[in-house]
Amino acid sequence: MGNGTSIGKVRGLGSSHHGAHHWLSHRFSAITNLILMSWLVVSFALMGDYSHASVAAWLKHPVSAVAMILLVVSLFWHARMGLGVLVEDYVHEAGLKFGVLMALNIAAIGGGALGVFSIVTLVFGGQA
């Protein structure tokens, strides 16, 4: 029971067992985003002064820097997964789907790398 229809079993069209992993990964990244964004909002609320110097000083603390890097990576990963599902569901031409998914991957990796680079630059004293 639960492996699809009888004809589906014969044709090999039963469950591929890949949907649950993607679903769990997306939910895990959503929970991670919720926790890290809550931390960021509370940190900013307690900061008081939002000048470049005070934010840079706050970011120089190891916990703040690591949490911000985790937040950037988690946000871009979550966006990549969600937008990837939209493309896979609604773009039906194979070549166009491939191109849009490649552009999405480049944008997600590039945006995440730029965010991490900006944080590292601020932490080690460079100008952003």
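Below or above, wherever it landed, is the structure these notes cover. For clarity, every value in this text was computed on a predicted model and none was experimentally measured. (Residues numbered from 1 in each chain as written. Predicted model: local features only at pLDDT ≥ 70, side-chain atom pairs only at ≥ 80, totals over all residues. Heavy atoms only, no water.)

Glancing now at the overall build of the protein chain. If you tally the helices and strands in the protein chain, you get 5 helices and 0 strands. Order of helices (α) and strands (β) in the protein chain, N terminus to C terminus: α-α-α-α-α. The 128 residues of the protein chain split such that 26% are buried. Taking the intrachain contacts of the protein chain between residues at least 6 apart in sequence as the baseline, contacts between residues at least 24 apart amount to 66%. Total accessible area on the protein chain is roughly 9,000 Å²; 74% of this is exposed by carbon and sulfur atoms. (Helix = DSSP H or I, 4+ residues; strand = E, 2+ residues; numbered from the N terminus. Buried < 20%, exposed > 50% of the residue type's maximum accessible area, 1.4 Å probe, protein only. Contact = heavy atoms within 4.5 Å. Areas by Shrake-Rupley, 256 points an atom, 1.4 Å probe, with all protein chains shown as cover.)

Looking now at the nonpolar core. Counting 14 residues, the largest nonpolar core has Leu40, Trp58, Leu59, Met68, Leu71, Ile119 and Val123 as the members making the most contacts within it. Residues in contact with leucine 59, not counting those within four places in the same chain, are Ser64, Ala65, Met68, Ile119, Leu122 and Val123. (Core = buried A, V, L, I, M, F, W, Y, C linked by side-chain atoms within 4.5 Å.)

As a further point, take helix α5 (residues 94-123). Compared with an ideal rise of 1.5 Å per residue, which puts 30 residues at 44 Å, α5 spans 43 Å between its outermost C-alpha atoms and is within 8% of the ideal. Taken as a whole, α5 has its buried residues at Leu101, Leu104, Ala108, Gly112, Gly115, Ile119, Thr121, Leu122 and Val123. Lining the buried residues of α5 we find α3 (52-59) and α4 (62-90). Looking one or two residues beyond α5, the residue adopting positive phi is glycine 125, at roughly 90 degrees. (Expected span 1.5 Å × (residues − 1).)

Here the focus is the packing of α4 against α5. Remark: α4 packs on α5, axes separated minimally by 10 Å, with the N-to-C direction vectors making an angle of 170 degrees. With respect to their mutual orientation, α4 and α5 come out roughly antiparallel. (Axes fitted to C-alpha atoms, helices over the stretch in contact; angles between N-to-C directions. Parallel < 35°, antiparallel > 145°, perpendicular 65-115°, else oblique.)

A separate point is the side chain of serine 64. Following the sequence through the fold, serine 64 ends up in helix α4. Using a relative accessible area of 7% as the deciding quantity, one classes serine 64 as buried. Aside from chain neighbours lying at most four places away, what touches serine 64 is Trp39, Trp58 and Leu59.

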